[in-house]
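Below are the chains, spelled out letter by letter.
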Amino acid sequence: RTWLWKEKYGGEITRQLRRLGASCDWSRERFTMDPGLSRAVRTAFKRLYDDGLIYRGLRLVNWSPNLQTAVSDLEVEYEERQVQMYHIRYPIVPNADYADGRPFGAAWGSGMWAQGAAEFITVATTRPETLMGDVAVAVNPADPRYQHLIGRFAALPAIGRAIPIVADEHADPQFGTGAVKITPGHDPNDYAVAQRQNLPMINIMNRDATLNDDAGPYAGMERFAARKAVLADLETEGLLAETR
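Definitions and cut-offs
- Residues numbered from 1 in each chain as written.
- Predicted model: local features only at pLDDT ≥ 70, side-chain atom pairs only at ≥ 80, totals over all residues.
- Heavy atoms only, no water.
- Core = buried A, V, L, I, M, F, W, Y, C linked by side-chain atoms within 4.5 Å.
- Buried < 20%, exposed > 50% of the residue type's maximum accessible area, 1.4 Å probe, protein only.
- Helix = DSSP H or I, 4+ residues; strand = E, 2+ residues; numbered from the N terminus.
- Contact = heavy atoms within 4.5 Å.
- pLDDT = per-residue confidence, 0-100.
- Pairing = 2+ DSSP bridges.
- Axes fitted to C-alpha atoms, helices over the stretch in contact; angles between N-to-C directions.
- Phe/Tyr/Trp six-rings, centres within 6.5 Å; stacked < 30°, edge-to-face > 60°.
- Lys NZ or Arg CZ within 6 Å of the ring centre and 35° of its normal.
- Expected span 1.5 Å × (residues − 1).

(A) A look at the nonpolar core. Counting 37 residues, the largest nonpolar core has Tyr90, Ile121, Leu131, Met132, Val137 and Ile182 as the members making the most contacts within it. Broken down by secondary-structure element, the contributors of at least two residues to this core are strand 3 (86-91), strand 4 (120-125), strand 5 (136-139), strand 7 (162-167), strand 8 (179-182), helix 4 (188-197) and helix 5 (223-236). Apart from residues no more than four positions distant in its own chain, Met132 is found in contact with Leu156, Ile159, Arg161, Ile204, Leu211, Asp214, Ala215, Tyr218 and Val230.

(B) Inspection of the confidence of the model for the protein at higher detail. Summarising the model, the protein shows a mean pLDDT of 88, and 91% of its residues fall at 70 or more. Averaged pLDDT values for the elements of the protein fall to 53 in helix 3 (residues 110-116) and rise to 97 in strand 5. Overall, residues 99-106 carries pLDDT values under 50, and its contacts beyond four positions in sequence, including any with other chains, amount to 17 contacts. For the stretch residues 108-112, pLDDT sits under 50, and the model shows 14 contacts to residues farther than four places along the chain or on other chains.

(C) Summary view of the sheet that holds strand 6 (residues 153-155). Spatially, four strands are ordered 6-7-5-8 in an open sheet, and the strand pairing comes out mixed. Strands at the two margins of the open sheet, each flanked by one partner only, are strand 6 and strand 8. Each adjacent strand pair in this sheet contributes to an overall mean axis angle of 30°, direction not counted. Bridge analysis of strand 5 against strand 8 gives four bridges, and the strand direction is antiparallel. When the sheet's bridge partners are listed, Ala136 is paired in strand 8 with Ile182.

(D) Main features of the packing of aromatic side chains. Scanning the entire structure with this criterion turns up two aromatic pairs. Judged by centre distance (5.0 Å) and plane angle (65°), the ring pair of Trp3 and Phe31 falls under edge-to-face. Of the two residues, Trp3 sits in helix 1 (residues 2-19) while Phe31 sits in the loop between helix 1 and helix 2 (35-50), which places them 28 residues apart along the sequence. Its relative accessible area of 38% is what places Trp3 among the partly exposed residues. Seen in terms of ring centroids, Trp5 and Tyr9 are 5.5 Å apart; in terms of plane orientation they differ by 40°. Their pairing is tilted. One end of the pair is Trp5 and the other is Tyr9, both in helix 1 and four residues apart, which spans about a single turn. On the basis of relative accessibility, which here comes to 44%, the residue Trp5 falls in the partly exposed class. Its relative accessible area of 37% is what places Tyr9 among the partly exposed residues. For the cation-ring pair, Arg89 lies above Phe120, with the distance from its terminal atom to the ring centre recorded as 3.8 Å.

(E) Highlighting helix 2. Look at helix 2: 22 Å from first C-alpha to last across 16 residues, which is about the 22 Å you get at 1.5 Å a residue. Just beyond helix 2, the residue with positive phi is Gly52, at close to 75°.

(F) Highlighting the side chain of Asp143. Inspection of the secondary structure puts Asp143 in the loop between strand 5 and strand 6. A residue is classified by how much of its surface remains accessible, and Asp143, at 3% relative accessible area, is buried.

(G) Representation of the environment of Thr130 in the model. With respect to the helices and strands, Thr130 occurs in the loop between strand 4 and strand 5. The class of Thr130 is buried, set by a relative accessible area of 2%. Contacts of Thr130, omitting those with residues within four sequence positions, involve Lys181, Thr183, His186, Ile204 and Met205.

See the structure below:
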């Protein structure tokens, strides 16, 4: 596909450069994926890796489930849409349950906490199908409503995994409920929060946009089908506070 794109548009780019007056030696023109350049790039990257100057790590990228390839940030076209906002209640884990250590990642049945929890924190999200990838709930450090919950833990609905409540200025007290779910594997802003807060990244989606094993009971579902299933379960458990 890249070569087809080059054959169709590569000459146009060259013509634009010539119209701008670029005085290049056009007889030496090369394409990034030409054999010589491609080998030079691989060699340079290997040398940098061998010298400890670059490393491989988990990064959030734009991905096309249809084309099965990453998409450059420069090629993404953003648009504003009117979408629904879902307010979801996350049960607060009682202090007694983690008095002897941090319970991050510990699992409880979300239904049990929905029935017996004495306190909740409500988050607002447009994508409830990603909540299985949550690693934290963020609140603004200057928001007086949530000061007493910073450092506590919430039980993640549908999964029951304990996630910390962290203070981060990314949370806007004036937007939604002022508390936001942090899903660094599926949102660039959340990824930045995870880097600041030293939080892990969980990817709950396969390359074809179906949910993987980390999505628990929703594994194998297409993402929009998973949204309907998650919302139905939240409503059954009394954890879907509001839909706007």
